[in-house]
There are 2 protein chains.
Amino acid sequence: MAAEHAISPTREEDYPEWYQQALKAADLAENSPVRGCMVIKPWGLGIWENIQKTLDQKIKATGHENVYFPLFIPLSFLEKEASHVEGFAKECAVVTHHRLEQKDGRLVPTAELEEPLIVRPTSETIIGDSFSKWIKSYRDLPLLINQWANVVRWELRTRLFLRTSEFLWQEGHTAHATEEDARQEVEVAAEMYRQLLEEALAVPVIIGEKSEGERFPGAVTTVSLEAMMQDRKALQAGTSHYLGQNFARAQNIQFLNANGEHEYAHTTSWGVSTRLVGAMIMAHGDDDGIRVPPRVAPKHIVILPVIPKAEAQSEVFAYADRLAADLRKAAYQGSPIIVHVDKRELRGGEKNWQWIKKGIPLRIEVGPRDVKNDAAVVYRRDQSVREKMFLSREQLLSNAALLLDSIQQQYFKQAKAYRDEHTQYGIANYEEFRSFFTPSNQEKPEIHGGFVVAKWCGDERVSRPLLEALKVTIRCLPREQSGTKGKCVLTGRDAEIDAIFAKAY
Amino acid sequence: MAAEHAISPTREEDYPEWYQQALKAADLAENSPVRGCMVIKPWGLGIWENIQKTLDQKIKATGHENVYFPLFIPLSFLEKEASHVEGFAKECAVVTHHRLEQKDGRLVPTAELEEPLIVRPTSETIIGDSFSKWIKSYRDLPLLINQWANVVRWELRTRLFLRTSEFLWQEGHTAHATEEDARQEVEVAAEMYRQLLEEALAVPVIIGEKSEGERFPGAVTTVSLEAMMQDRKALQAGTSHYLGQNFARAQNIQFLNANGEHEYAHTTSWGVSTRLVGAMIMAHGDDDGIRVPPRVAPKHIVILPVIPKAEAQSEVFAYADRLAADLRKAAYQGSPIIVHVDKRELRGGEKNWQWIKKGIPLRIEVGPRDVKNDAAVVYRRDQSVREKMFLSREQLLSNAALLLDSIQQQYFKQAKAYRDEHTQYGIANYEEFRSFFTPSNQEKPEIHGGFVVAKWCGDERVSRPLLEALKVTIRCLPREQSGTKGKCVLTGRDAEIDAIFAKAY
């Protein structure tokens, strides 16, 4: 490959297009013939499966049990919680018929349903219906469940992984006897997500409450995890909602308390989705492709046999296979290291670049000289493409897991450094605020300052037009509040709340 | 519990009703407000997750990669393969709108789609579309993929797990350069299913080809795995289809062969579903509830502390916890034994019966005397409810995995003995055949002979009415054919084929 970088355009040249190209070059997913839906390919699904496995363990370890609820929700269920309908009515796929028939040579829907069914955009309403039947007394609480499912939200502008009409996710739903308990649960979920994001996906996050205008439809409090992408935009990586008694009232989720009185339960819900794969691409990718953190990588190591002459093939292949077998005996994060030997008949450069673009953590080249020296040439994906280490077989075997650990940490460090570098604390007024969010270069409208941490007066009504003019949103009111007093960066009024402002996905 | 058996009615009294009651008593799943769809509860989903994990490992170990395709299929895709449409048109959920709006105080579907979308009943057509794009040359073959997904087939008469409008399954889809390769793949899938059924679910199966009338819509050959339930009916537990070039022609899945010529690929598809949970219930359940084979059990052992006096509680709980911790250090099938200590405040009898009905493999009671003697009382679910073993702590710890193994084998042995006992080889003509399948007791129409293995002439047209009159079907033409000659059990004509006849789910 003659080009200096494998992905064209580079991030700097055109970030949105770089995202599409990097994703394509890694063969993660592609658009399907169904509007807004994607086909998730093996490398992309493998990453999602690892995210799933990591989070599922945490969900179970914190006392939640997995269940599965129907894909369809009766229209009348959706109507019960007014703000919930309002939030989802515009993007619902509706099933109206349950049969097809040939008519005039064309296949047409027939057998109309008495009540249309919605393809779930989220499952609060149908799960709440079961909660109302399952919960009788305080002894049945807390009720802690989770489901892994596909959901559909009809989107007009879609982007692979970031915003698709169908996506895969997990949704936790819980009911509690007290507000305190339910609010504690919201924190438990947020902490699981923080660990998933920071420790497995190597993406640093800021946790905080959403301001009123940004809450989940029907929620009292929404806690979100916000991450910075490499175009300095924020991506909401996960949310955890305290629903108060809103859904319990709408769906009659009552219990008998210890005094024999009826009370409405306090419910929560929380979810993360395949969007996290998009977050990973945008937080770590470079101009040679995506970079997959070892803890979520479908494969950790690829061994690339180098065969200068045909007669060397059998001995190099045998050496590569032996090396792979030995590497698989080493443990990484409690499981065997996943090693692939790529014996395809392809030019070495092309093969190598395919794996670089896929972001595999370690590439190992072995040729006749390595066989002779009992050695290997090792490339780390977190380092520049040409930087290599000459390791003896023994060194490689005893250090493979450490190398993976080091790459994992490196990605987190780099992402955190990037975020910190583009987070501005000193902005005093709306004029400075506007200029921070205004692209310096008109040809690259997507490049702007990044995150602003500043005081906010809390007045949604007055703030909204000032923010909308710049296409900026309040991402969250971070958990760690300074407690100081100052002036609102938007209105100049007295203000105590620290808020994070950013453009967002 | 005073009753002699925990489940009423017993299997003998009313098998279909026993199934519903056993399922309910185990808290596996329940009907949902959405017609024909079920809510799968933690114990039921836990079993499915273990089935999934077991099979997923086999699927990956045989070179298949997981992917995810859209839930929706454009109507025009379904039309491409004529017999495929015919097979599924009558049970398709159709999405026609993508928005809801308030109109006269009611929420109504709006924004009609240009082309209606089908909720996938199976994914041959949408996956075939991608295959036609992905496959260029023989070097791209075989293409071996699988997806775990929900599918919808609109059923009018549903039964939890056995026949539901929405169910969870896995569908493998592969493309090959030659018929031989594709037919080999069909066998690979069938063998994975056999291992899953016999080794994990402890359900013995007969593998064979379906006769023409029983094939998958669009298939050239359908291989199925047939199991006998305890009402002597057959349940089709899994299928693996050789689709020939039918779908490849319909969807233009072509490749360039080594001679540079275009050829159509040979494709296969294969699937098993949540129906397997129903198979497990009906193959192993007894009149005290379901019995879960240890290899798919969400929990292996429950420890039930027996507290005769309140002051004994803390020492018994501590002993139970310690015992649980030690048991968890033992490995069963390469993973830790899963142990639950049930400390709920419930009468001992009720608690015990709950776990019997859930079919947990081992129950362990510990009381003050056991604490003193460093011992425990152990109950195996494959033995009668009152049969117990007094084991020292040490005996228990060193034998727990062996006990689980023994229970697993016992279930398989019992199910196989039942099937063999109710399989008839000696039936000579249609008169005997009719009497075998005619209930001896008119009050129990579901009780009949079981499986018949007999000669069949292969004439579908003539056989059909003779079979339909008795509600009997040809389950399969078993893999192991005797090669002998004889007379067709239906028509009396000369016949060489061995066939298995049974009533079926």
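Being a predicted model, the structure only gives us computed values, none of them experimental.

Calculation notes
- Residues numbered from 1 in each chain as written.
- Chains lettered and ligands numbered in written order.
- Predicted model: local features only at pLDDT ≥ 70, side-chain atom pairs only at ≥ 80, totals over all residues.
- Heavy atoms only, no water.
- Pairing = 2+ DSSP bridges.
- Helix = DSSP H or I, 4+ residues; strand = E, 2+ residues; numbered from the N terminus.
- Axes fitted to C-alpha atoms, helices over the stretch in contact; angles between N-to-C directions.
- Contact = heavy atoms within 4.5 Å.
- Salt bridge = Lys/Arg side-chain N within 4 Å of Asp/Glu carboxyl O.
- Polar contact = N/O pair within 3.5 Å; in protein donor to acceptor, adjacent residues only side chain to side chain.
- Nonpolar A, V, L, I, M, F, W, Y, C, P; charged D, E, K, R; others polar.
- Least-squares fit on C-alpha atoms with pLDDT ≥ 70 in both.
- Domains from an automatic or database assignment.
- Expected span 1.5 Å × (residues − 1).
- Buried < 20%, exposed > 50% of the residue type's maximum accessible area, 1.4 Å probe, protein only.
- Parallel < 35°, antiparallel > 145°, perpendicular 65-115°, else oblique.
- Patch = residues over 30% accessible without salt bridge, like charges linked within 9 Å, V, L, I, M, F, W, Y side chains within 5 Å.
- Areas by Shrake-Rupley, 256 points an atom, 1.4 Å probe, with all protein chains shown as cover.
- Lys, Arg positive; Asp, Glu negative; His and termini not counted.
- Charge placed at Lys NZ, Arg CZ, Asp CG, Glu CD.

1. So, the sheet that holds strand S18 (residues 339–341) of chain B
Residue and element names in this part refer to chain B. If you trace the five strands from one edge of the open sheet to the other, you get S18-S15-S19-S20-S21, paired in mixed fashion. For this open sheet the edge positions go to S18 and strand S21 (389–392), each flanked by a neighbour on one side alone. Neighbouring strand axes in the sheet, compared pairwise and without regard to direction, differ in orientation by 30 degrees on average. Note: strand S20 (residues 375–380) against S21, four bridges, orientation antiparallel. When the sheet's bridge partners are listed, Ala375 is paired in S21 with Ser392. On top of the sheet, helix H12 (residues 393–421) reaches strand S15 (301–305), strand S19 (362–366), S20 and S21; it is set at about 130 degrees to S21, its chief contact.

2. Some words on the interface of chain B and chain A
Counting residues at the interface gives 58 residues for chain B, matched by 59 residues for chain A. Put simply, chain B and chain A have two salt bridges between them. Residue Glu49 of chain A is joined to Lys60 of chain B by a salt bridge in which the shortest nitrogen-to-oxygen separation is 2.9 Å. At the boundary of chain B and chain A, one finds 26 residue pairs in polar contact (both at pLDDT 80 or more). Sorting elements by how many residues they give to the side of chain B that touches chain A places strand S6 (residues 106–119) of chain B first, with eight residues. Across the side of chain B that touches chain A, the residue classes tally to 37 nonpolar, seven polar and 14 charged. For strand S5 (residues 94–103) of chain A and strand S5 (residues 94–103) of chain B, the ladder comprises three bridges, and the chain directions are antiparallel.

3. Side note on the relation of the copies chain B and chain A
Rotating chain B by 180 degrees and moving it 0.0 Å along the rotation axis overlays it on chain A with an RMSD of 0.0 Å. Both copies are brought into coincidence by an operation consistent with a two-fold rotation axis. Minimal C-alpha separation from the rotation axis in chain B is found for Val95 of chain B, amounting to 2.1 Å. A share of 100% of interface residues in chain B that are also interface residues in chain A marks the association as one of identical surfaces.

4. Considerations on the domain arrangement of chain A
Examined at the domain level, chain A breaks down into domain 1 (15–72 + 88–93 + 126–284), domain 2 (299–405) and domain 3 (423–502). Each of domain 2 of chain A and domain 3 of chain A has a C-alpha centre, and the two are 48 Å apart.

5. Some thoughts on helix H9 (residues 313–329) of chain A
Residue and element names in this part refer to chain A. An ideal rise of 1.5 Å per residue puts 24 Å on 17 residues; H9 measures up with 25 Å between its terminal C-alpha atoms. All buried positions along H9 are accounted for by Val316, Phe317, Tyr319, Ala320, Leu323, Ala324, Asp326 and Leu327. Residues of H9 that are buried make contact with strand S15 (301–305), strand S18 (339–341), strand S19 (362–366), helix H11 (368–373), strand S20 (375–380) and helix H12 (393–421).

6. Observations concerning the environment of Ile73 of chain A
Summarising the element assignment, Ile73 of chain A is placed in strand S4 (residues 72–74). Beyond its immediate stretch of four places on either side in the chain, Ile73 of chain A contacts Pro116, Leu117, Ile118, Arg120, Pro121, Thr122, Ser123, Thr125 and Ile126 of chain A.

7. Looking at the packing of helix H2 (residues 42–61) of chain A against helix H8 (residues 275–284) of chain A
Residues and elements named next belong to chain A. Viewed as axis vectors pointing N to C, H2 and H8 meet at an angle of 110 degrees, and their least axial separation amounts to 10 Å. Looking at the two axes, H2 sits roughly perpendicular to H8. Contacts between H2 and H8 involve Ile47, Trp48 and Ile51 from the first element and Leu276, Val277 and Met280 from the second. Looking at the contact of H2 with H8 residue by residue, the classes come out as six nonpolar, no polar and no charged.

8. Notes on the side chain of Lys503 of chain B
Residue and element names in this part refer to chain B. One can find Lys503 in the segment after strand S27 (497–502). Here Phe437 takes part through its backbone oxygen, which lies 3.3 Å from a polar atom of the side chain of Lys503. Discounting chain neighbours no more than four positions away, the residues touching Lys503 are Lys233, Ala234, Phe437, His448, Leu470, Lys471 and Val472.

9. Topic: a negative patch on the surface
Judged by side-chain charge, Glu12, Glu13, Asp14 and Glu17 of chain A come together as a negatively charged surface patch. Its place among the elements puts Glu13 of chain A in the segment before helix H1 (15–25).

10. Observations concerning the pairing of S19 of chain A
Residues and elements named next belong to chain A. Counting buried positions along S19 yields four of five residues, so the element is predominantly enclosed. Pairing of S15 with S19 involves five bridges; the strand directions are parallel. If you follow Ile303 over to S19, its bridge partner there is Ile364. As paired elements, S19 and S20 share four bridges and run antiparallel to each other. When the sheet's bridge partners are listed, Leu362 is paired in S20 with Arg380.

11. Observations concerning the side chain of His422 of chain B
Within the secondary structure layout, His422 of chain B lies in the loop between H12 and strand S22 (423–424). Discounting chain neighbours no more than four positions away, the residues touching His422 of chain B are Met228, Arg232, Phe436, Gly449, Gly450 and Phe451 of chain B.

12. Considering the pairing of S15 of chain A
Residue and element names in this part refer to chain A. Within S15, five of the five residues are buried, leaving the element largely enclosed by the surrounding structure. Going residue by residue along S15, you find Ile301, Ile303 and Pro305 tucked away on one face and Val302 and Leu304 tucked away on the opposite face as well. As judged from the three bridges shared by S15 and S18, these two strands associate in the parallel manner. Considered in S18, the bridge of Ile301 is made with Val339.

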